[in-house]
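Examining the three-dimensional arrangement
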Amino acid sequence: AECHDHGSPFQGRKKGGNSFRDNFDKRNCYHEHGGYERPPSHCQENDGSVEMRDVHKDQQLRHTPYSIRCDRRMKWHSEDEICITTWRKRKPPERKMRQNTQDGYTRNWFKVTIPNGIKYDKSWLMNSIQSHCSAPFTPVDFHYIQNRACFFIQDASTASVLKDVSYKICDDENRKICIFVNHSTAPYSVKNKLKPSQMEMLKLTMNKRYNVSQQALDLQNLRFDPDLMGRDIDIILNRRNCMAATLKIIERNFPELLSLNLCNNKLYQLDGLSDIIEKAPKVKTLNLSKNKLESAWELGKVKGLKLEELWLEGNPLCSTFSDQSAYVSAIRDCFPKLLRLDGRELSAPMIVDIDSSEIMKPCKENFTGSETLKHLVLQFLQQYYSIYDSGDRQGLLGAYHDEACFSLAIPFDAEDSAPNSLRKYFEDSRNMKTLKDPYLKGELLRHTKRDIVDSLSALPKTQHDLSSILVDMWCQTKWMLCFSVNGVFKEVEGQSQGSVLAFTRTFIATPGSSFSLCIVNDELFVRDASPQETQSAFSIPVSTLSSSSEPSLSQEQQEMVQAFSAQSGMKLEWSQKCLQDNEWNYTRAGQVFTMLQTEGKIPAEAFKQIS
Amino acid sequence: SFIQHCYQLFDKDRTQLGAIYIDASCLTWEGQQFQGKAATVEKLSSLPFQKIQYSLTAQDHQPTPHSCIISMVVDPIMGFHHMFLLKNTSDAWVCTNDAFRLALHNFG
């Protein structure tokens, strides 16, 4: 690259070297395009108005080898890669300052970037960050670029607080979240803020479109509203500044808004709309039909709204589903309380979520229905208690979360008042009614799976009667399940051998890996069983599980189970399982049983106790 | 203390129980589910026993994820077992889920 237009080689430009570096410094990759969602084909340069003493300034920019290098650096600096403006450290010279204010660059703004931020639920992420900050901050223009989550904040003290939060927050895979904070020019919506006269006009226009009795705002095709067009006000809702202005007016003038119609506004992303959750939280009806939304994922940005009615037809996303029910269920995942979609009534939802404005982690699995859940819970309990009753409880390590908690309580104040049967539990009993010593309170709450399993191993050996348990599933959210198990168990050794105790054990669990559930909280309450309970327990297993979904056995099948049990020595439920697994082919079941038994694969508790 | 407050409300004026529940609360009473603040308060207000003689003999609680507390209360004389999941929202404790079982009816 040579300088064509004038003879002197670039070397002669050394004196002008200063200005080249200035150019460099002021380079910033900044999206002027309506928002942040697409990297522009070239980065915006704001060196156009630099005052240069050199007469050759134009040529310098275009023809010198250095300017080519600039382009390369610019590409490196583009949003395709992690953007770190490291070269802003020097105090800019006078000239630059002048130019900077011309461009609206104020040293006050900082851009915060979270790599892979797209993985996290926005409210969880922002709340987590906020909770690590000593003072509240206001994020501006939160948006996603590829995998990154970005937003802007305004002052240096907040910036340094946020820098410190980096690597302090753990996500649900126990990875620390990294936060980059860099100087930045003002965010798009601030830089391109609507003028007060424009805001006033927009407000008047919106007022005209507001239906007071229904608390509904109709903003369809807003850009082409005659009032706005007549005054040359371009309200393109895809642009952050326009959306921000609109939401600001809603927040100030229609905070109790119930219904919002954004039909036909060419919306292809909902980053800007997501602020509506704070500005108009009561919105129950949202019309996004006839826009350009390409994926249902975009809706996640507004899922903080407790929508009852949603319109999406006419968006490209609608044709991405294999069928109507896949479409409906994907939308319902986002808005569990939805009653109507595209004008059609939906059947009653099965799962009730906890208030979604809470801090919620993104869900890893979708519990699709209460039948699945029941099955999951039962399977888990069977696995859990088979190890619990086996004599070696170490196997339970896989059932607990690293940070799980366990405690147990018995209904007695003092050791002497406790009946013999419960004495052994007294030591571990963490009954808040009677326990005044705060140290003990802390001690007896077993924390970490190691401690828990150790303390469980110290409890007396048991045999639980799983056929007579009653399971209550009383809380289900996307990420956790709470359920209580009521039942009885027998002491199988020691002084109180044979005595039957009743228990209620409450678990809070998340999806697990080696066990189907991973216990986070485990609270056990043990008491003497009533005579009624003792009698009905450990007898012929009639399934009283509130969550039983198995078909009842025919007469013939019941007889087979009895016979098989007598012959094999296995308990009835095990015999039944063996027969079921072998499609009620008695001979084959017998063969399978014999084979497994010789291989030693059948656990001891499958067999009836010799009375 | 929350529990005492709760049971006191239960005795004195059940309509005020709405204060400790939120819209998304869910009560499981003897296996039946009641969703939402209104349904919960309605169910609790409609219970036949006027005043419960409490002799709570056991109480235990644990912290759970997301700054909630799970609490368990047992009264073997009245024969009930009550679990609460409590959450601290804007400096007030609310009950997001609870489950109630009359112990004697376990195997009935």
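I will try to describe carefully the structure that is included in this document. (Residues numbered from 1 in each chain as written. Chains lettered and ligands numbered in written order. Predicted model: local features only at pLDDT ≥ 70, side-chain atom pairs only at ≥ 80, totals over all residues. Heavy atoms only, no water.)

**Considerations on the packing of helix α8 (residues 196–208) of chain A against helix α10 (residues 240–253) of chain A**
All names here are of chain A. Our working definition: Note on definitions: angles span 0 to 180 degrees between N-to-C directions of axes, and those axes are lines fitted to C-alpha atoms, for helices only across the stretch in contact. By definition, any uninterrupted DSSP run of H or I lasting at least four residues is a helix, any uninterrupted run of E lasting at least two residues is a strand, and each is numbered from the N terminus. Handedness of a crossing follows from how the near helix is turned relative to the far one, being left-handed for an anticlockwise turn of less than a right angle and right-handed for a clockwise one. Contact definition: two residues touch when any of their heavy atoms are within 4.5 Å. Note that Gly is not counted as nonpolar here; it falls among the polar residues with everything else outside the nonpolar set of Ala, Val, Leu, Ile, Met, Phe, Trp, Tyr, Cys and Pro and the charged set of Asp, Glu, Lys and Arg.
Look at α8 against α10: their axes get within 10 Å of each other, and the N-to-C directions meet at 60°. The way α8 lies across α10 gives a crossing that is right-handed. Residues M199, L202, K203 and M206 of α8 form the contact with α10, whose own contacting residues are A245, T246, K248, I249, I250 and N253. Per-class residue counts for the contact of α8 with α10 are 6 nonpolar, 2 polar and 2 charged.

**Some details on the pairing of strand β12 (residues 400–409) of chain A**
All names here are of chain A. Applicable threshold: To sort residues, take the accessible area from a 1.4 Å probe on protein chains only and compare it with the maximum for the residue type: under 20% means buried, over 50% means exposed, and anything in between is partly exposed. A pair of strands is treated as paired once DSSP finds two or more bridges between them.
For β12, the buried fraction is high: 7 of the 10 residues fall into the buried class. Pairing analysis gives 6 bridges linking β12 to strand β18 (residues 517–528), with the strands arranged parallel. Considered in β18, the bridge of C405 is made with N521.

**A few points about the sheet that holds strand β4 (residues 180–183) of chain A**
All names here are of chain A. In space, the 4 strands of this open sheet follow the order β2-β3-β1-β4, with antiparallel pairing throughout. Only two strands of the sheet have a single partner each, and these edge strands are β2 (140–145) and β4. Within this sheet the neighbouring strands show an average axis-to-axis angle of 20°, counted without direction. Across 4 bridges, the pairing between strand β1 (residues 110–114) and β4 is antiparallel. Bridge pairing in β4 links F110 to H183. Sheet strands in contact with helix α6 (residues 156–165) are β1, β3 (148–153) and β4, and its direction is about 150° off that of β3.

**Points about the pattern of salt bridges**
All names here are of chain A. Counted only if it meets this: The rule for a salt bridge is simple: a side-chain nitrogen of Lys or Arg has to be within 4 Å of a carboxyl oxygen of Asp or Glu.
The full count for this structure, using the stated rule, is 17 salt bridges over all chains. A salt bridge links D225 to R209; the nearest nitrogen and oxygen atoms lie 2.8 Å apart. Residue D225 is found in the loop between β6 (216–218) and α9 (226–230), and its partner R209 is found in the loop between α8 and β5 (210–211); the two are separated by 16 residues along the sequence. Overall, the relative accessible area of 9% leaves D225 in the buried class.

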